[in-house]
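Remarks on the overall topology
The lines below spell out each chain.
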Amino acid sequence: MARINSNYLKLPGSYLFAEMKRKTDAYKAAHPEADIIRLGIGDVTRPLVPAVIDAMHRAVGEMGSAETFRGYGPEQGYDFLIEAIIANEYAPLGVEVAADEVFVSDGSKCDVGNIQEIFSSDARVAIGDPVYPVYLDSNVMAGRSGGFGPSGRFAGITYLTGTEESGFAPAFPREPVDLIYLCSPNNPTGTVLPREELARWVAYAKEHEAVILYDSAYSAYIREAGVVRSIYEIPGAREVAIEFKSFSKTAGFTGVRCAFTVVPKELKRRDDRGVPQSVNALWLRRQCTKFNGVSYIVQRGAEAVYTPGGMRQTREVIDYYMENAAIIRDGLEAAGYRVFGGKNAPYIWWKLPAGLDSMSFADKLLNTCQVVGTPGVGFGPGGEGYFRLTAFGDRNRTREAVERIRNANLG
Ligand code: PLP
């Protein structure tokens, strides 16, 4: 008799996101004339840039001729893309990354969700809070947690709750942990981890033989000088950290699918007998077994992001979103609200008036302004009392949403 993996049953489900959709649909049904503005979306809305489209068209042409047709590609990705990644993402930072340390994939979501497989099932997991929910859920599925408690937390997971006072930097754990998930620029708070804070994490991981899983899917949005763009800018990070980056938000690839993960060869952790093993070799083994590479056409499109035209064009799109971020930030501040993020990330983290929980606030915002956002509690217990708005919308609609919020009494 096949039995299911009961760890899946521990997950409360994407209850909150489903609930938000249900509420929005119900509101729309009751008020068909309502002009609802969605600032809850975590997806891009601008089209792919011409340099990417041209490169993908050329690649499609190559696939149509026997001489240039490509079948299965290398599991780690084509050299042309890996070289472009190293030359454009790492070399300008003075960071050395070798070609066989880069793993091209079809998304950071899969990589951050799958990476836990190569670590022991009793690894103690620490997760920033609030944060992108995939880190937590993938570890719950793998059986590294107890049940979901009334406090909104899973037993057996260490929540690194960030506070306003700490700039939402994850708190250091009191108990020892083995796998540490950090996300900077952060989804949902839009804040970045300061260099000295990252250096502390690297030192912690070294001391405890832990591994840092560093999700930097939004690094292309960093605007302020001096902000860390790769964890490998921190001395010693190659021995303790895996880094995830994605073309999704950098170049509008959410529907095209391409990302990459860097696993340095210095990163070794012990097996059950205490023998150090290469994490890079294990991830390669995992990918070669369970993954068959990203399509040639998509990798040519990703390579084009790093051409001069591609860089200029993607920059313009990011500028567009970041201008939206500034409109939301400035508008909410002018209305007397306290907001975070939006300077190095496309997310604005809105502190709610005292006494309002984020789910009730979602109702209020929908009913009063016909604006949809995401309740902070959806990103972990540390997100309660906050609300996420995104900069991925249309400019005029974003302006209109901010105007409505400014003119409303929300609390
Ligand atoms: N990491 C973070 C922090 C994200 O917010 C997202 C998407 O929203 C992802 C990873 C997923 O990226 P991808 O589209 O490459 O799977």
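Residues numbered from 1 in each chain as written. Predicted model: local features only at pLDDT ≥ 70, side-chain atom pairs only at ≥ 80, totals over all residues.

1. What to know about the packing of helix α10 (residues 308-334) against helix α12 (residues 395-407)
Quick note on the threshold: Fitting a line to C-alpha atoms yields each axis, with helices limited to the stretch in contact; the angle taken between N-to-C directions then spans 0 to 180 degrees. Helix and strand assignments come from DSSP, with helices taken as H or I runs of at least 4 residues and strands as E runs of at least 2, each series counted from the N terminus. Should an angle lie under 35 degrees it is considered roughly parallel, over 145 roughly antiparallel, and from 65 to 115 roughly perpendicular; all remaining angles are considered oblique. By the criterion used throughout, residues are in contact when their C-beta atoms, derived from the backbone, lie within 7 Å. Each residue gets one label: Ala, Val, Leu, Ile, Met, Phe, Trp, Tyr, Cys and Pro are nonpolar, Asp, Glu, Lys and Arg are charged, and the others, such as Gly, are polar.
Direction vectors running N to C along α10 and α12 enclose 10°, while the axes themselves pass 9 Å from each other. The orientation of α10 with respect to α12, classified from their angle, is roughly parallel. Residues N324, I327, I328, G331, L332 and A334 of α10 pack against R395, T398, R399, V402, I405 and R406 of α12. Taken together, the residues that form the contact of α10 with α12 break down as six nonpolar, three polar and three charged.

2. Some details on helix α3 (residues 79-90)
Cut-off, in case you're wondering: In this analysis, the expected span of each helix is defined as 1.5 Å times one less than the number of residues it contains. Our exposure labels follow a C-beta count within 10 Å of each residue's own C-beta, placed from the backbone: buried means 20 or more other C-beta atoms, exposed means 12 or fewer, and partly exposed covers the counts in between. This arc describes the spread of directions from the helix axis toward the C-beta atoms.
Look at α3: 16 Å from first C-alpha to last across 12 residues, which is about the 16 Å you get at 1.5 Å a residue. Listing the buried residues of α3 in full gives L81, I82, I85, E89 and Y90. Burial along α3 is one-sided: seen end-on, the buried residues are contained in an arc of 105°. What points out from α3, more than 90 degrees from its buried face, is the exposed set D79 and A87. Buried residues along α3 sit in contact with β2 (102-105), β7 (241-246), β8 (259-262) and α9 (296-304).

3. A word on the domain arrangement of the protein
Using the following cut-off: Each domain's limits were defined by an automated method or a database of domain assignments.
Along its sequence, the protein is carved into domain 1 (11-47 + 310-407) and domain 2 (52-307). Relative to domain 2, the C-alpha centre of domain 1 lies at a distance of 26 Å. Mapped by element, the contributors of at least two residues to the side of domain 1 that touches domain 2 are α10, β11 (338-341) and β12 (347-351). With six residues, α10 is the largest single contributor of residues to the side of domain 1 that touches domain 2.

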